[in-house]
Amino acid sequence: MQTTDTVLMIEPIAFGYNAETAENNYFQVEQKGADIQSKALAEFKIFVEKLRNKGINVITIKDTIDPHTPDSIFPNNWVSFHKDGKVVLYPMFASNRRVERREDIIETIKDQGFEVSEIDDWSLPEIQGHFLEGTGSMIFDHDNRIAYGSVSLRLDEGLFREFCTKYRFTPVVFHSFQKVGEDRLPIYHTNVMMCVADKFVVICLDCIDSELERSKVIETIKNSGKEIIEISEEQMQQFAGNMLQVQNKDGEKFLVMSQTAYQSLNAEQISNIEKYSEIIYSDLNTIEVNGGGSARCMLAEVFLPKK
């Protein structure tokens, strides 16, 4: 199943600009002011309410003051929850993000009636400087057992291939880039340039500079039977690739994105998406600017079986 009706979200308690992640996340811009946390919290709460109002099950857990984890609002990078009961923990680039991995969060998920058969800890390679940041770096087509991965400091190709072998995904490896000043630099996470839904894929093909790699990605998507909805690099910079399809308890599908992303789309793109899914969008500007992540980054899908 491509979509779930349950997501984990971490409520921020000390959200702010993370200088460690900004080294290679070119979406981040530091805003000054003491009200960054309060603005981020307000955005978070409205977003959660919008999801719940559509019948999506949102499990919210508060961040902790100590240790300080300014990026904890983006849990999909350190953990994924699978339908066979496995919980996977991932190796993280920034040292101050590694402490986001909390056992009590997994216990809370279990307390919500979900079954955990195994915790599969892949975090050790981070000590040697090898990273694989969960569903930020890997985009899963669950139904077709395909995993898309754009190589960057946060997606080690060897680790990615090893993960795909173990979890029986066919890896599609490519390189994607964005314009930063006069430079063309690697995109830090695959999920800012593509989103795989049940019947369509939103993707910035212009970010894949290699014609060969671009053709391979296009061919793979088409062979999987999904429609390609293309976005421009400018739209990608507005987080139009950072979307996630979810469903509610009645099986109705929704494509979740930020207000910034939604406003960047043209009428044809919106119409193409709405053929398949209702759109939910929310103002996440403070989180996007300071954190360099958007709606999809805030949602960790829970595919675990119910007890």
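Being a predicted model, the structure only gives us computed values, none of them experimental.

1. Some words on the overall build of the protein chain
Here is step 1: A tally of regular secondary structure across the protein chain gives 10 helices and 17 strands.
Here is step 2: Computed over C-alpha atoms, the radius of gyration of the protein chain comes to 18 Å, within 12% of the 19 Å expected from 2.2 N^0.38 for 307 residues, which places it in the range of a compact globule.
Here is step 3: Taken along the three principal axes of its C-alpha coordinates, the protein chain extends 45 × 45 × 45 Å.
Here is step 4: Relative to its full complement of 307 residues, the protein chain shows a buried share of 58%.
Here is step 5: In the protein chain, the proportion of contacts linking residues at least 24 apart, taken out of those at least 6 apart, comes to 74%.
Here is step 6: Of the roughly 12,400 Å² that the protein chain leaves accessible, carbon and sulfur atoms contribute 47%.
Here is step 7: One finds the centroid of the 32 positive side-chain charges in the protein chain at a distance of 4 Å from the centroid of its 48 negative side-chain charges.

2. Describing the pairing of strand β15 (residues 253-258)
Here is step 1: By the criterion of burial, β15 is predominantly enclosed, with 5 of the 6 residues buried.
Here is step 2: Strand direction decides the pairing type here: strand β14 (residues 244-247) and β15, joined by 4 bridges, are antiparallel. The residue bridging Val246 from the neighbouring strand is Phe254, located in β15.
Here is step 3: Hairpin remark: β14 followed by β15, antiparallel, with 5 residues in the connecting loop; positive phi at Gly251, about 85 degrees.
Here is step 4: As paired elements, β15 and strand β16 (residues 278-282) share 5 bridges and run parallel to each other. Within β16, the position partnered with Ser258 by the bridge is Ser282.

3. With respect to the environment of Ile106
Here is step 1: Positionally, Ile106 belongs in helix α3 (residues 103-111).
Here is step 2: For the pair formed by Ile106 and Ala240, sequence separation is 134 residues and the distance between their alpha carbons is 30 Å.
Here is step 3: Apart from the residues lying within four places of it in its own chain, the contact partners of Ile106 are Val87, Leu89, Val116 and Ile119.

4. Section: the packing of aromatic side chains
Here is step 1: Counted according to the given criterion, the structure contains 8 aromatic pairs.
Here is step 2: The rings of Tyr90, Trp122, Phe140, Phe163, Tyr167 and Phe169 are connected pair by pair, giving a single aromatic cluster.
Here is step 3: Positioned over the ring face of Tyr281 is Lys50, at 5.6 Å from the centre of the ring.
Here is step 4: Over the ring of Phe169 we find Arg145, and its NZ or CZ is 4.0 Å from the ring centre.

5. Some thoughts on the environment of Phe140
Here is step 1: Structurally, Phe140 is set in strand β6 (residues 138-141).
Here is step 2: Separated by 120 residues in the primary sequence, Phe140 and Thr260 have C-alpha atoms spaced 24 Å apart.
Here is step 3: What Phe140 contacts, discounting residues up to four positions off in sequence, is Gln2, Thr135, Ile146, Ala147, Phe163, Phe169 and Val196.

6. As for the pattern of salt bridges
Here is step 1: Applying the stated criterion across every chain, the model contains 18 salt bridges.
Here is step 2: With a closest N to O distance of 2.9 Å, Glu233 and Arg184 form a salt bridge. One end of the pair, Glu233, is in helix α7 (residues 233-237); the other, Arg184, is in strand β10 (residues 183-186), with 49 residues separating them in the sequence.
Here is step 3: The structure contains a network of salt bridges with shared partners spanning Asp84, Lys86 and Glu118.

7. Looking at the nonpolar core
Here is step 1: Counting 59 residues, the largest nonpolar core has Met9, Tyr148 and Met193 as the members making the most contacts within it.
Here is step 2: Among the elements that take part in this core, helix α1 (residues 36-53) stands out by supplying 6 residues, more than any other.
Here is step 3: With 17 residues, the next largest nonpolar core counts Trp78, Val87, Ile106 and Phe114 among its residues.

8. Some words on helix α6 (residues 211-223)
Here is step 1: The first and last C-alpha atoms of α6 sit 18 Å apart over 13 residues, in line with the 18 Å expected at 1.5 Å per residue.
Here is step 2: Within the span of α6, buried status applies to Val217, Thr220 and Ile221. Each buried residue of α6 lies within a common arc of 95 degrees when the element is viewed along its axis, so the set occupies one face. Those residues of α6 that are exposed and aimed more than 90 degrees away from the buried face are Glu211, Leu212, Lys222 and Asn223.
Here is step 3: Packing partners of the buried residues in α6 comprise β7 (146-150), β8 (170-174), β12 (200-203) and β13 (227-230).
Here is step 4: Once α6 ends, the next one or two residues include Gly225, with phi positive near 85 degrees.

What counts and what doesn't
Position numbers for residues count from 1 along each chain, tracking the sequence in the order it is written. In view of the model being predicted, local features appear only for residues whose pLDDT reaches at least 70, and side-chain atom pairs are presented and counted only at 80 or more, with totals across whole chains, interfaces and linings using the full set of residues. Only hydrogens and water are set aside; all other atoms, that is, all heavy atoms of the structure, feed into the side-chain values. Numbering of helices and strands runs from the N terminus; a helix is a DSSP stretch of H or I covering at least four residues, while a strand is a stretch of E covering at least two. For a compact globule the rule gives 2.2 Å times the number of residues to the power 0.38, and the radius of gyration it is set against comes from C-alpha atoms. Here the term buried applies to any residue with accessible area under 20% of the maximum for its type, exposed to any over 50%, and partly exposed to those in between, with areas from a 1.4 Å probe on protein chains only. Pairs of residues are marked as contacts when any of their non-hydrogen atoms sit within 4.5 Å. Computed by Shrake-Rupley with a 1.4 Å probe, the accessible areas treat only the displayed protein chains as cover when residues are assessed. Positive charges are assigned to Lys and Arg, negative charges to Asp and Glu, while His and the chain termini are left out of the count. Taken as the charge location is NZ of Lys, CZ of Arg, CG of Asp or CD of Glu. Paired strands, as defined in this entry, are two strands with at least two bridges between them according to DSSP. Ring pairs shown here join Phe, Tyr and Trp side chains whose ring centres sit within 6.5 Å, with only the six-membered ring taken for Trp; geometry is labelled stacked below 30 degrees between planes, edge-to-face above 60, and tilted in between. Think of it as a cone above the ring: NZ of Lys or CZ of Arg counts as a charge over the ring if it is within 6 Å of the ring centre and within 35 degrees of the ring normal. Basic side-chain nitrogens of Lys or Arg form a salt bridge, by our definition, when they fall within 4 Å of a carboxyl oxygen of Asp or Glu. Remark: nonpolar core denotes a set of buried residues (Ala, Val, Leu, Ile, Met, Phe, Trp, Tyr, Cys) joined through side-chain atoms within 4.5 Å. To estimate how far a helix should reach, multiply one less than its number of residues by 1.5 Å. Arc, as used here, means the arc of the directions from the helix axis to the C-beta atoms.

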